[in-house]
Every structure is written in structure tokens, then in C-alpha cells.
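Here's the letter readout for the chains.
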Amino acid sequence: MTEENKPVPHAYTVALRFTGDQLVPSEISARLNLQPSHASDQSQDPSTTRRRCPFWTYNGQGEEGFQPEWTCLEDGLTFLLKRLRSRKAQIIALACEFDALWWCGNFQASFNGGPTLSAKLLTEIGSTGIPLSIDNYFCDE
């Protein structure tokens, strides 16, 4: 495999997510004055009999500096937090009403390495009272 075709060992996605049975995505958008990157108020997935909980997700898509995947998790989370900093009080209030999560996807082509997060970043995330979740996915291509 040539160097240019070699997969990146780790790629990351980041988002702030709210879920809840009573969640109405348009109300979250109005309260935060933001358009979500993904949202659904479907209570039933029409292709199955599974019930899907309404959700609202924001990853900064459309904002200057946005990347759909980050090579450094710290950079992705810093980008997202910077975009949301002015809305911190509203985010904390929403987290009291709905399930909230700082969601990160770790897409890895190897089992060595992984993310390192600074104390400063972890302190800022922790100040919201919202849990941080890192989901790991192995990709061999």
C-alpha cells in the first residue's frame, strides 16, 4: 500500500446530542438559535417496528472551520465548544430537560494510539455537566 493510500489510523467525529420522548427538534433549534446537523421527531421508524426516540444533533456543519472528520479529537471538540460557548446556559438548561451527550466517534484503522484530551478541554466539557461518550469503530479500509 502506498503512503497516499494508507488509511488514517484514527479519524474522529464530534457532536452535541439531545434525546427524549418529549423532545421536539424545532423547539431545540429555536432555543439555541441553531440548525441541527441531524434531527428526528419520528416516534416510529417507518421501515421497522422499532420505536425511535426523538433527537437533535449539532456538529457545527456549515460553520467556518468545520470538518466532517477530525484527525485530532481535541481539535474537533475545541471547534464544537467554541461554536457553542455563547449558548452554554441554554445547553445546560436543555440538559436538565432531556438526555444530553457530547458524542465522539473514533474510527480507527489500528488498535494503537487513540485520543488524548487536555485537562483544560475536559474541564470545559465537565462544566456543562453533560457526559462525554467516545464510541469506537474499527475500519480496515
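Data block above holds the structure.
The rules behind the values
- Throughout this description, residue numbers start from 1 for each chain and increase along the sequence as written.
- Reporting in this predicted model follows two pLDDT cut-offs: at least 70 for local features of residues, and 80 or more for side-chain atom pairs to be given and counted; totals over whole chains, interfaces and linings ignore these cut-offs and use all residues.
- In computing side-chain values, all of the structure's heavy atoms are included and hydrogens and water are not.
- The classification of residues rests on relative accessible area computed with a 1.4 Å probe and restricted to protein chains. Under 20% of the type maximum is buried, over 50% is exposed, and intermediate values are partly exposed.
- The secondary structure listing takes helices from DSSP runs of H or I that are at least 4 residues long and strands from runs of E that are at least 2 residues long, numbered from the N terminus.
- Pairing between strands is defined by DSSP: at least two bridges between the two strands are required.
- When the strands point away from the viewer and the path from the first strand over the helix to the second turns clockwise, the crossover is right-handed.
- Axis definition: a line fit to C-alpha positions, over the contact stretch in the case of helices; interaxial angles, taken between N-to-C directions, run 0 to 180 degrees.
- When describing relative orientation, an angle under 35 degrees is termed roughly parallel and one over 145 degrees roughly antiparallel, while 65 to 115 degrees is termed roughly perpendicular and anything else oblique.
- In a left-handed crossing the near helix is turned counterclockwise from the far helix by less than a right angle, and in a right-handed crossing that turn is clockwise.
- Working rule for contacts: check all heavy atoms of both residues, and any pair within 4.5 Å makes them a contact.
- Put simply, two rings from Phe, Tyr or Trp (the six-membered ring, in Trp's case) pair if the centres are within 6.5 Å, and we call them stacked under 30 degrees between planes, edge-to-face over 60, tilted for the rest.
- A ring has a charge above it when a Lys NZ or an Arg CZ is no more than 6 Å from the ring centre and no more than 35 degrees off the ring normal.
- One speaks of a salt bridge when a side-chain nitrogen belonging to Lys or Arg is within 4 Å of a carboxyl oxygen belonging to Asp or Glu.
- Here, nonpolar core refers to any group of buried Ala, Val, Leu, Ile, Met, Phe, Trp, Tyr and Cys residues whose side-chain atoms link them within 4.5 Å.

Asks: Got a minute to help me understand the pairing of strand S4 (residues 99-108) in this structure?
Replies: Every other side chain in a regular strand lies on the same face of the sheet, so the side chains alternate between the two faces. Burial within S4 is extensive, with seven of its ten residues counted as buried. Two strands pair when backbone bridges link them, and strand S1 (residues 10-19) and S4 are joined in this way by ten bridges, in the antiparallel orientation. When the sheet's bridge partners are listed, Thr 13 is paired in S4 with Gly 105. The pairing of S4 with strand S5 (residues 132-138) spans seven bridges and is parallel. Along S5, the bridge assignment pairs Cys 104 with Ile 134. Handedness of the crossover is the feature at issue here: the chain leaves S4, passes through helix H4 (residues 119-126), returns alongside S5, and the resulting connection is right-handed.

Asks: Please explain the packing of helix H2 (residues 73-84) against H4 as it appears in this structure.
Replies: When two helices pack together, their arrangement is captured by the angle between the axes and the distance separating the axes. Two elements in contact, H2 and H4, have axes whose closest approach is 11 Å; the angle formed by their N-to-C orientations is 40°. For the element pair H2 / H4, the angle class is oblique. Crossing geometry of H2 relative to H4 is assigned as left-handed. Residue-level contacts link Glu 74, Leu 77, Thr 78 and Leu 81 of H2 to Leu 121, Glu 124 and Ile 125 of H4.

Asks: Looking at this model, I keep getting lost on the packing of aromatic side chains. Mind explaining?
Replies: Two aromatic rings are characterised by how far apart their centres lie and by the angle between their planes. Taken as a whole and assessed by the stated rule, the structure comprises five aromatic pairs. Pairing Trp 70 with Phe 79 gives two aromatic rings, centres 5.3 Å apart and planes at 40°, and the pair type is tilted. Here the two residues Trp 70 and Phe 79 agree in accessibility, since each one is buried. Ring geometry for Phe 107 versus Tyr 137: centroids 4.9 Å apart, planes at 15°, classification stacked. One end of the pair, Phe 107, is in strand S4; the other, Tyr 137, is in strand S5, with 30 residues separating them in the sequence. Judged by relative accessible area, which is 34%, Tyr 137 ranks as partly exposed. Through successive ring pairs, a cluster of aromatic residues spans Phe 18, Trp 56 and Tyr 58. Arg 17 extends its terminal NZ or CZ atom over the ring of Trp 103, reaching a point 4.4 Å from the ring centre.

Asks: Honestly, the pattern of salt bridges in this entry has me stumped. Any pointers?
Replies: For side chains of opposite charge, pairing can occur when their charged atoms come near one another. Taken as a whole and assessed by the stated rule, the structure comprises two salt bridges. The partner of Arg 31 in a salt bridge is Glu 97, and the shortest N-O contact between them spans 2.6 Å. Placement of Arg 31 in helix H1 (residues 25-32) and of Glu 97 in helix H3 (residues 88-97) is noted, with a sequence separation of 66 residues between them. A salt bridge links Glu 124 to Arg 85; the nearest nitrogen and oxygen atoms lie 2.9 Å apart. Pair noted here: Glu 124 is in helix H4 and Arg 85 is in the loop between H2 and H3, with a separation of 39 residues, a long-range link. The class of Glu 124 is partly exposed, set by a relative accessible area of 24%. Note on Arg 85: relative accessible area 44%, which makes it partly exposed.

Asks: How should I be thinking about the nonpolar core in this particular structure?
Replies: Inside soluble globular proteins, nonpolar side chains tend to come together where they are buried. Core analysis: the largest hydrophobic core is formed by 27 residues, its most contacted members being Phe 18, Ile 28, Leu 32, Trp 56, Leu 77, Leu 84 and Trp 102. When contributions to this core are tallied by element, the ones reaching two or more residues are S1, H1, strand S3 (55-58), H2, H3, S4 and H4.

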